[in-house]
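# Structural features, examined
The chain contents come next:
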Amino acid sequence: MQINPTQFKFNGQYRQNQIFTFFKTYPINTRLILMATFFAGLGAGINEVNFNYYLLSLGYNEIFIATLTSLGTLTAAIASIPMSFLVNKVGRRNAIVINQLISWPLFLLQVLLPISPIILGASVVSSLVSTMQGLSERPLLIESTEEGKRVNVFSLVTMTSLVAVISGNFFGGKLTYLATQMFSLPAESPWAYRAALFCTSLLSGIAMNCYLRLKHVPISADHLDTRTNSHFFKRLFGNLESFGFIWKLLLGQMLIGFGAGFTVPLFSLFFKKVYHATADQWGTISSIAKLPMFFGVMISPKIARKFGSLKTVVFCQYLSIPFLLLTLYSPNIAVAGFGFAIRHALMNMTEPIWASFYMGMLKPKELSTVSSFITVGWNTLNATGTRIGGSFLESGKHQWSFYITGLAYIIASSFYSIVWRKHMRKT
């Protein structure tokens, strides 16, 4: 059979035009956030594999790393409410830009001058300004996207981030190994980790360039709180109307945040201490572990349309618990990695559905404030759990962390099932 080169070229151009047309259907902000998400995800994946091991190579222990992690999340919790006022004042696009311009140089400072005051101080400031982006990016996507496309947009952003983080995880450990070979460095040398973290900085710089190009989206006058009363609590709660929904949402999220804090931020240290994982092994485990989540994110919208959004989220949270325990009680690192992968997929694959569900139940003027409340509750309890979990890990009592995580998941999922029965019945 003879191939017509002209036809092949035409078909290739046609497919490229289809892809270009597909992206053109989304607003410029959505496309910029997608690109920024990809490069930031690559950098985050490399950082996820190497940063904690970098600190261990410098002589810091598990409790210091757990304290550093909990300090960052606690700072975000304290800053969330005042930052929500600042976001509403400066605008969501400007809040994202401010975060990028401050966080990027602070990360470089941590890598180049890794003494404890600088590491801790940079973490606090970065967490402070990162809260602004956390309160801004999703609402900006909501405001930039037609209602009918929001689930697809959230799923697309999540999948883009996931692909990037998986790639970053996989190559992150390889970068460390490559640095040891190229520069004749000792295994697990601090400079080998620095080489990988410099790559994180470069990729984060590309992402920052995309974020700087975001367009401001004015909020409709119908969605603004026009009251001028300056009393703090009236300013804080004055734009809220869905109190019955909000307190239930917050309570469940706080329970999950508390339980997750005991294990999720410390998995890299757990695999290092219990299964003696290297950065290369942990990078491979982390990347492979996210593959089930990638496929889960692709199919979860279809499952949610058939069975209902809330029912899908709750079922996946219940199902994750046996795999959490499998990670703890595995005979070897391979089986532990399998349990880690499935638990990770089940707890994260429904995230776009969950975000679309609860944000869709809120009024646009409530989004930033409620997001700040969720961040306060989640981060405060998550930080508490992480600090306690770090102590358990240091003393060899890490099994208690897994028990507490599983119990918190059960209580939160059961609570949502009971208080939102009408949403559980929706299909």
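Whatever comes next refers back to the structure up there.
Residues numbered from 1 in each chain as written. Predicted model: local features only at pLDDT ≥ 70, side-chain atom pairs only at ≥ 80, totals over all residues. Heavy atoms only, no water.

The next thing to look at is the overall build of the protein chain. Helices and strands together make up the secondary structure of the protein chain, namely 18 helices and 0 strands. Across the 427 residues that make up the protein chain, the buried fraction comes to 50%. Sequence-distant contacts, at least 24 apart, represent 87% of the contacts inside the protein chain between residues at least 6 apart. Carbon together with sulfur atoms contributes 67% to the accessible area of the protein chain, which is approximately 19900 Å² in total. (Helix = DSSP H or I, 4+ residues; strand = E, 2+ residues; numbered from the N terminus. Buried < 20%, exposed > 50% of the residue type's maximum accessible area, 1.4 Å probe, protein only. Contact = heavy atoms within 4.5 Å. Areas by Shrake-Rupley, 256 points an atom, 1.4 Å probe, with all protein chains shown as cover.)

This part is about the environment of Thr176. On the secondary structure map, Thr176 appears in helix 6 (residues 150–182). With 19 residues separating them in the primary sequence, Thr176 and Ala195 have C-alpha atoms 6.9 Å apart. Those residues within four positions of Thr176 in sequence are excluded, and the remaining contacts are Asn50, Ala192, Tyr193 and Ala196.

A cluster of nonpolar side chains, contributed by Ile98, Leu101, Ile102, Val125 and Leu212, occupies part of the molecular surface with about 340 Å² of accessible area. If you tally residues by element for the nonpolar patch, the top one is helix 4 (residues 92–112), at 3 residues. Along the chain, the position of Val125 falls in helix 5 (residues 116–144). (Patch = residues over 30% accessible without salt bridge, like charges linked within 9 Å, V, L, I, M, F, W, Y side chains within 5 Å. Salt bridge = Lys/Arg side-chain N within 4 Å of Asp/Glu carboxyl O.)

Moving on: the packing of helix 2 (residues 28–57) against helix 7 (residues 190–211). As a packed pair, helix 2 and helix 7 sit with axes 8 Å apart at the nearest point and diverge in direction by 160 degrees. Classified by the angle between their axes, helix 2 and helix 7 sit roughly antiparallel to one another. Both helix 2 and helix 7 take part in a crossing whose hand is left-handed. Here the residues of the contact of helix 2 with helix 7 sort into 20 nonpolar, 6 polar and 1 charged. (Axes fitted to C-alpha atoms, helices over the stretch in contact; angles between N-to-C directions. Parallel < 35°, antiparallel > 145°, perpendicular 65-115°, else oblique. Left-handed = near helix turned anticlockwise from the far one by under 90°. Nonpolar A, V, L, I, M, F, W, Y, C, P; charged D, E, K, R; others polar.)

Further remarks concern the packing of aromatic side chains. In this description, an aromatic ring pair is defined by two values, namely the gap between the centres and the angle between the planes. If you walk through the whole model with that rule in mind, you get 28 aromatic pairs. Between Trp247 and Phe415, the ring centres sit 6.2 Å apart and the planes meet at 55 degrees, which makes this aromatic pair tilted. With Trp247 in helix 9 (residues 243–261) and Phe415 in helix 17 (residues 398–419), the pair connects residues that are 168 residues apart, well separated along the chain. Accessibility expressed as a relative area gives 48% for Trp247, which makes it partly exposed. Here the aromatic residues Phe245, Trp247, Trp354, Phe357, Tyr358, Phe415, Tyr416 and Trp420 are joined through ring pairs into a cluster of three or more. (Phe/Tyr/Trp six-rings, centres within 6.5 Å; stacked < 30°, edge-to-face > 60°.)

Looking now at the nonpolar core. In terms of nonpolar packing, the biggest core is built from 33 residues, with Leu55, Phe267, Phe270, Phe271, Trp282 and Phe340 touching the most fellow members. Going through the elements one at a time, helix 2, helix 3 (62–90), helix 4, helix 7, helix 10 (267–275), helix 11 (279–289), helix 13 (309–329) and helix 14 (333–348) are the ones with two or more residues in this core. In this structure Phe340 touches Phe267, Phe271, Trp282, Ile285, Ser286, Ala289, Phe323 and Thr327, once residues within four positions along its chain are discounted. Core analysis: the next-biggest nonpolar cluster, separate from the first, contains 26 residues, Phe245, Ile246, Leu310 and Val314 among them. (Core = buried A, V, L, I, M, F, W, Y, C linked by side-chain atoms within 4.5 Å.)

As for its placement among the helices and strands, Ser320 is situated in helix 13. With relative accessibility at 0%, the residue Ser320 sits in the buried group. Within the structure, the side chain of Ser320 is placed 2.8 Å from the backbone oxygen of Gln317, a separation counted as a polar contact. Those residues within four positions of Ser320 in sequence are excluded, and the remaining contacts are Arg343, Leu346, Met347 and Tyr409. (Polar contact = N/O pair within 3.5 Å; in protein donor to acceptor, adjacent residues only side chain to side chain.)

Scanning the entire structure with this criterion turns up 4 salt bridges. The shortest N-O distance in the salt bridge between Arg138 and Glu351 comes to 1.6 Å. Of this pair, Arg138 sits in helix 5 while Glu351 sits in helix 15 (residues 351–361); the two residues are 213 residues apart in sequence, bridging distant segments of the chain. On the basis of relative accessible area, Arg138 is assigned to the partly exposed category, the value being 26%. We note a salt bridge from Glu188 to Lys272, for which the minimum N-O separation is 2.8 Å. Note that Glu188 is positioned in the loop between helix 6 and helix 7 and Lys272 in helix 10, a separation of 84 residues in sequence.

Let's shift gears to the side chain of Asn99. Looking at where Asn99 falls in the secondary structure, it is placed in helix 4. A distance of 2.6 Å separates a polar atom in the side chain of Asn99 from a polar atom in the side chain of Gln133. Non-local contacts of Asn99, meaning those with residues more than four positions away in its chain, are made with Ser126, Val129, Ser130 and Gln133.

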